[in-house]
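Next come the chains, spelled out residue by residue.
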Amino acid sequence: MLPSYRLTPWQWWSVFIAVASTCVPLVGVTAVMVTPLVAQLWAQCLPSRRNMLAVVLATLPMPVAPFAPLWSLHPWWQRVVLGVALSTPWWPTPPYLAWSVVALGSIGAVWYAHQRDALRWYGPLLVLMAHHAPPLYFDVVVLSVFGIVTLWSMHHQQMERGWMALAGALLWSMTAPGLVVAPWAMTVAQMPQIALLAVVSWWGVAATTLAAGSLWGSVLVLWPLLAHIPQITWRQLRAWAPFLVLWWAAPNLAGIARLQPALTPFGDIVVAWWVRAANQQVVSGLPVAIIGWVLVLAWAVVQQWPVQERDDAG
């Protein structure tokens, strides 16, 4: 089923909030999560409102965030595990313990990839990344594990798990390009039947690989891109065009600026992906109050527009 442009005012409001979160570093963790949720909104396959609200609240920089999973509709043990994992940045324990708990929890995203809110298992990882850097070589080990799981899942045609594992590998790479591409992989994991998003995701991976200086790596990535292109129809392109333009226009810098404490040196160099420190300083200097007032004004316009049309017709 192709998406429709006729979103409700509440849905459009959600889209505007998601785009705004990509501009404000304080909610950069939320920006990484809400981008796939907007794609699911457009494709009409969102999780339940309670589960979606639990995902968003758990990533916000506020003291009650670890309690947000308790609001979801999942089994109690999953809620408790997520709540404990979200509290790891404040544990007075050695770093290995907190990162080990988060690493084990992030495997849940692959195991429950069939659920529409499976990305919730990556929330504790992003929250911990925003506070501390991983122990030496710890991220390399976990990245290798997720890479092996990605190859194994793709080989056995388990596409949902394969894409979600790829998203985990990108996050555990602790690089700015990985953070930019990871939401695309999460999106395709939830909607593997949409060839158009697969093409865009592969294109993002190829562009990032090329920008990092690996010409042969980008050629290898372009191979599945070319394989997906014949599956795209004009109807799909037309239906998803507004969403793709909206996603392309989003800066995607807030998450990088917020998660700077955990980025490896590779994430700090110039990689032609608009992630230089100067851009991050510009983003961090955006006036949050003005953005809020613009959103309030946009909401007022959306609410008053149908009333004005009825008055003109009368």
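The shown structure was predicted, so the numbers you read here are calculated from the model rather than taken from an experiment.

(A) Inspection of the overall build of the protein chain at higher detail. Counting secondary structure elements, the protein chain contains 15 helices and zero strands. Across the 314 residues in the protein chain, those meeting the buried criterion constitute 48%. Sequence-distant contacts, at least 24 apart, represent 69% of the contacts inside the protein chain between residues at least 6 apart. Summed over all atoms, the accessible surface of the protein chain reaches about 15,900 Å², with 72% contributed by carbon and sulfur.

(B) Spatial organisation of the side chain of Asn51. Structurally, Asn51 is set in helix α3 (residues 49–59). Given a relative accessible area of 9%, Asn51 falls into the buried group. Other than its neighbours up to four places away in sequence, Asn51 contacts Ser72, Leu73, His74 and Asp117.

(C) A look at unusual backbone geometry. Positive phi is not limited to glycine here, since Tyr137 has a value of about 70 degrees. Position of Tyr137 among the secondary structure elements: in the loop between α6 (123–129) and α7 (138–155). Assessed through its relative accessible area of 57%, Tyr137 is described here as exposed.

(D) Main features of helix α5 (residues 95–111). Between its first and last C-alpha atoms α5 spans 25 Å; for 17 residues at 1.5 Å apiece the expected length is 24 Å, and the two agree. If you check which residues of α5 are buried, you get Ala98, Trp99, Val102, Ala103, Gly105, Ser106, Gly108, Ala109 and Val110. For α5, the secondary structure elements touched by its buried residues are α4 (76–86), α6, α7 and α8 (159–172).

(E) Structural detail: the packing of helix α1 (residues 9–21) against helix α2 (residues 28–42). At a minimum axis distance of 9 Å, the contact between α1 and α2 shows a crossing angle of 150 degrees. The angle between the axes of α1 and α2 places the two elements in the roughly antiparallel class. Read as a crossing pair, α1 and α2 show a hand that is left-handed. Taken together, the residues of α2 that come into contact with α1 (itself represented by Gln11, Trp12, Ser14, Val15, Ala18 and Ser21) are Ala31, Val34, Val38, Leu41 and Trp42. Its residues assigned to classes, the contact of α1 with α2 comprises eight nonpolar, three polar and no charged.

(F) Structural detail: the packing of aromatic side chains. Inspection of every chain in the model, using the stated rule, returns five aromatic pairs. A centroid spacing of 5.9 Å and a plane angle of 10 degrees characterise the contact between Tyr112 and Trp121, whose relative ring orientation is stacked. Given the relative accessible area of 15%, Tyr112 is considered buried. Overall, Trp121 belongs to the buried group, its relative accessible area being 5%. Through a chain of ring-to-ring contacts, the aromatic side chains of Tyr96, Trp99, Phe138 and Trp172 assemble into a single cluster. A cation sits over an aromatic face here: Arg50 above Trp71, 4.5 Å from the ring centre. The positively charged end of Arg79 is found above the aromatic ring belonging to Trp76, 4.4 Å away from the centroid.

(G) Highlighting a nonpolar patch on the surface. A cluster of nonpolar residues, Val64, Phe67, Leu70, Trp76, Val80 and Val84, forms a patch on the protein surface that exposes about 590 Å² of accessible area. Tracing the backbone shows Val64 in the loop between α3 and α4. Residue class for Val64 comes out partly exposed when judged on its relative accessible area of 47%.

(H) Region of interest: the packing of α2 against α3. Relative to each other, α2 and α3 sit at 160 degrees, their axes nearing to 8 Å. With respect to α3, the element α2 is oriented roughly antiparallel. In this structure, α2 uses Val29, Thr30, Met33, Val34 and Leu37 to contact α3, whose residues at the interface are Met52, Val55, Val56 and Thr59. Here the contact of α2 with α3 is built from residues that sort into seven nonpolar, two polar and no charged.

The rules behind these values
- Residues numbered from 1 in each chain as written.
- Predicted model: local features only at pLDDT ≥ 70, side-chain atom pairs only at ≥ 80, totals over all residues.
- Heavy atoms only, no water.
- Helix = DSSP H or I, 4+ residues; strand = E, 2+ residues; numbered from the N terminus.
- Buried < 20%, exposed > 50% of the residue type's maximum accessible area, 1.4 Å probe, protein only.
- Contact = heavy atoms within 4.5 Å.
- Areas by Shrake-Rupley, 256 points an atom, 1.4 Å probe, with all protein chains shown as cover.
- Expected span 1.5 Å × (residues − 1).
- Axes fitted to C-alpha atoms, helices over the stretch in contact; angles between N-to-C directions.
- Parallel < 35°, antiparallel > 145°, perpendicular 65-115°, else oblique.
- Left-handed = near helix turned anticlockwise from the far one by under 90°.
- Nonpolar A, V, L, I, M, F, W, Y, C, P; charged D, E, K, R; others polar.
- Phe/Tyr/Trp six-rings, centres within 6.5 Å; stacked < 30°, edge-to-face > 60°.
- Lys NZ or Arg CZ within 6 Å of the ring centre and 35° of its normal.
- Patch = residues over 30% accessible without salt bridge, like charges linked within 9 Å, V, L, I, M, F, W, Y side chains within 5 Å.
- Salt bridge = Lys/Arg side-chain N within 4 Å of Asp/Glu carboxyl O.

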